[in-house]
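For reference, the chains in residue letters:
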Amino acid sequence: MRIALDAVAKGRRDAALPATSLAYATGRATLAIAETEQRPTVLGLIASGRMAPDAGTVALDGETGRRATAAIRRGVALVDAPDVSDPAPNVTVAGVVGEELMFAGRTADPIAARRWLEAHGLRGRARLPIADLGAAERIRILLELAAARPGVEGLVLVSPDRHGGDPAAWWLIAQEFAARGLAVLVIAGESSASALTAATDLRSAESAARLRASRVRPRWTVRRGRTTPSTPSTPSTPSTRERRR
C-alpha cells in the first residue's frame, strides 16, 4: 500500500490546509508537519480518505477517484485525531479498550477489556481516565487497538505531541508498527520534527564516535632509527639483516 497526496488543500484560500504533498507506504513510518490547531486533523482526514480535498489528489497505489478513496477509508485507521477520533478524556482506559474491541468486531465486555489490558501489561491502568495516561502509553494503546480492526493496513496518528513527553518515544512506537508491515503516517508540529532531527543527528554522531573508538589503531615501534606501524594482531617481521644475526 502506498498513499500519495499531491498538493492537497482545503478551505477558502487554503486556510484550513495549504497545499501539501506527502506519501506514506507499507513498512515505513512517515512524519508530516502541520501547524495550527485545525490543520493536523484536516490533513489526517484527507490522508485517511475521510475528507475530500478542495484541490489536489489522493492516490492509492497510483489510482485516484472514488474507488481509491473508499479503499483508503477502509484500510486506514485515523487515530487520536482531536474532536474526530480521540477518546473523551474522562473515559477510563478499560472503557476505551472495550469500545475499540467492539469496532474490531471482538467481544467488548469489561472482562474482555481487562484481559486485553493484562495481555499487554497494562492491567493496572484499567480504571485510569485515558487523559491521565502518559503520552507513550496512550499512543501505544490506541495504535494497537486500531491495528486490530479487520482490514486495517495503515495508521494515521494525529498530533501525538499535544500530549507532551519526548517525541522520540512516540516516534519509536510508530516505527515499531511500521516494522510490523503497516503504513504509518504521523502528523505533528514543527517543534517535534526539529527535536526528532536533533535526536537523530546526536545518535549519528555518537555512533560515529563509537565506531572511531572501536577501530584498531596502529601501535608505533622504533626499529633502527625508523618509526614503523604494527598492530597487536600482527607481530613485526624482522628485516633480512636482523635474521642473519
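Keep in mind it's a predicted model, so treat the numbers as computed, not measured.

1. Topic: helix α4 (residues 110–119)
Point 1. What α4 keeps buried is the set Ala112, Ala113, Trp116 and Leu117. Seen from one end, α4 has its buried residues packed into an arc of 135 degrees, which puts them on one side. Seen from the open side of α4, the exposed residues pointing more than 90 degrees away from its buried face are Pro110, Arg115 and Ala119.
Point 2. Looking at the packing, one finds that the buried side of α4 touches α3 (93–103) and α5 (135–147).
Point 3. Following α4 by one or two positions, Gly121 has its phi on the positive side, about 70 degrees.

2. A short note on unusual backbone geometry
Point 1. Here Asp14, not a glycine, exhibits a phi torsion of approximately 60 degrees, which is positive.
Point 2. Relative to the helices and strands, Asp14 resides in the loop between β1 (2–10) and β2 (17–25).

3. A word on the sheet that holds strand β5 (residues 76–79)
Within a sheet, neighbouring strands are paired by backbone hydrogen bonds and run either parallel or antiparallel to one another.
Point 1. Spatially, the four strands line up as an open sheet ordered β3-β7-β6-β5, and their pairing is parallel. Here the strands that pair on one side only, and so sit at the sheet edges, are β3 (28–33) and β5. Along the sheet, successive strands turn relative to each other by an average axial angle of 15 degrees, direction set aside.
Point 2. One ladder, built from four bridges, connects β5 with strand β6 (residues 154–158); its direction is parallel. Within β6, the residue paired with Ala77 across the bridge is Leu155.
Point 3. Sitting on the sheet, α5 is in contact with β5 and β6, with an inclination near 150 degrees to β6.
Point 4. Helix-sheet contacts for helix α6 (residues 167–179) involve β3, β6 and β7 (183–188), and the interaxial angle to β3 is about 140 degrees.

4. Quick look at the environment of Thr36
Point 1. Checked against the element boundaries, Thr36 lands in the loop between β3 and α1 (39–47).
Point 2. On a C-alpha basis, the gap between Thr36 and Leu17 in space is 9.7 Å, while along the polypeptide they are 19 residues apart.
Point 3. Here the side chain of Thr36 touches Arg39 through a polar contact of 3.4 Å, landing on its backbone nitrogen.

5. Here's the deal with α6
Point 1. An ideal rise of 1.5 Å per residue puts 18 Å on 13 residues; α6 measures up with 18 Å between its terminal C-alpha atoms.
Point 2. Within the span of α6, buried status applies to Pro167, Trp170, Trp171, Ile173, Ala174, Phe177 and Ala178. The arc enclosing the buried residues of α6, seen along the axis, measures out at 155 degrees, which places them on a common side.
Point 3. The backbone nitrogen of Ala168 has a side-chain oxygen 3.0 Å away, supplied by the residue at the start of α6, namely Asp166.
Point 4. Just past α6, the residue Gly181 takes up positive phi, approximately 100 degrees.

6. With respect to the sheet that holds β1
Point 1. Reading across from one edge, β2-β1-β4 is the order of the three strands in this open sheet, with antiparallel pairing throughout. Looking at the sheet topology across the chains shown, the edges are occupied by β2 and β4 (55–60). Direction aside, neighbouring strands of the sheet carry axes that sit 10 degrees apart on average.
Point 2. Along the sheet, helix α2 (residues 66–75) contacts β1 and β4; its crossing angle with β4, the most-contacted strand, is approximately 65 degrees.

7. Focus: the nonpolar core
Point 1. Val97 and Leu155 are the most contacted members of the largest nonpolar core, which totals 37 residues.
Point 2. Taken together, the elements giving at least two residues each to this core come down to β5, α3, α4, α5, β6, α6 and β7.
Point 3. Among the elements that make up this core, the one with the highest residue count is α5 (seven residues).
Point 4. When neighbours within four sequence positions are excluded, Leu155 is seen to be in contact with Val76, Ala77, Val79, Leu143, Ala146, Ala147, Phe177, Leu182, Ala183, Val184 and Leu185.
Point 5. Of all hydrophobic cores here, the second largest spans 26 residues; its members include Leu5, Val58, Leu60 and Leu185.

8. As for the packing of α3 against α4
Point 1. For the pair α3 and α4, the least separation of the axes is 9 Å and the interaxial angle reads 105 degrees. The angle between α3 and α4 falls in the class roughly perpendicular. Between α3 and α4, the residues in contact are Val93, Ala94, Val97, Gly98 and Leu101 and Ala112, Ala113, Trp116 and Leu117, respectively.
Point 2. Here the contact of α3 with α4 is built from residues that sort into eight nonpolar, one polar and no charged.

9. Description of the packing of α3 against α5
Point 1. Where α3 meets α5, the closest approach of the two axes is 9 Å, and the angle between their N-to-C directions is 20 degrees. The pairing of α3 with α5 is recorded here as roughly parallel in orientation. In this structure, the crossing between α3 and α5 has a hand that is right-handed. Contacts between α3 and α5 involve Val93, Val96, Val97, Glu100 and Leu101 on the former and, on the latter, Ile141, Leu142 and Leu145.

Conventions used here
- Residues numbered from 1 in each chain as written.
- Predicted model: local features only at pLDDT ≥ 70, side-chain atom pairs only at ≥ 80, totals over all residues.
- Heavy atoms only, no water.
- Buried < 20%, exposed > 50% of the residue type's maximum accessible area, 1.4 Å probe, protein only.
- Helix = DSSP H or I, 4+ residues; strand = E, 2+ residues; numbered from the N terminus.
- Arc of directions from axis to C-beta.
- Contact = heavy atoms within 4.5 Å.
- Pairing = 2+ DSSP bridges.
- Axes fitted to C-alpha atoms, helices over the stretch in contact; angles between N-to-C directions.
- Polar contact = N/O pair within 3.5 Å; in protein donor to acceptor, adjacent residues only side chain to side chain.
- Expected span 1.5 Å × (residues − 1).
- Core = buried A, V, L, I, M, F, W, Y, C linked by side-chain atoms within 4.5 Å.
- Parallel < 35°, antiparallel > 145°, perpendicular 65-115°, else oblique.
- Nonpolar A, V, L, I, M, F, W, Y, C, P; charged D, E, K, R; others polar.
- Left-handed = near helix turned anticlockwise from the far one by under 90°.

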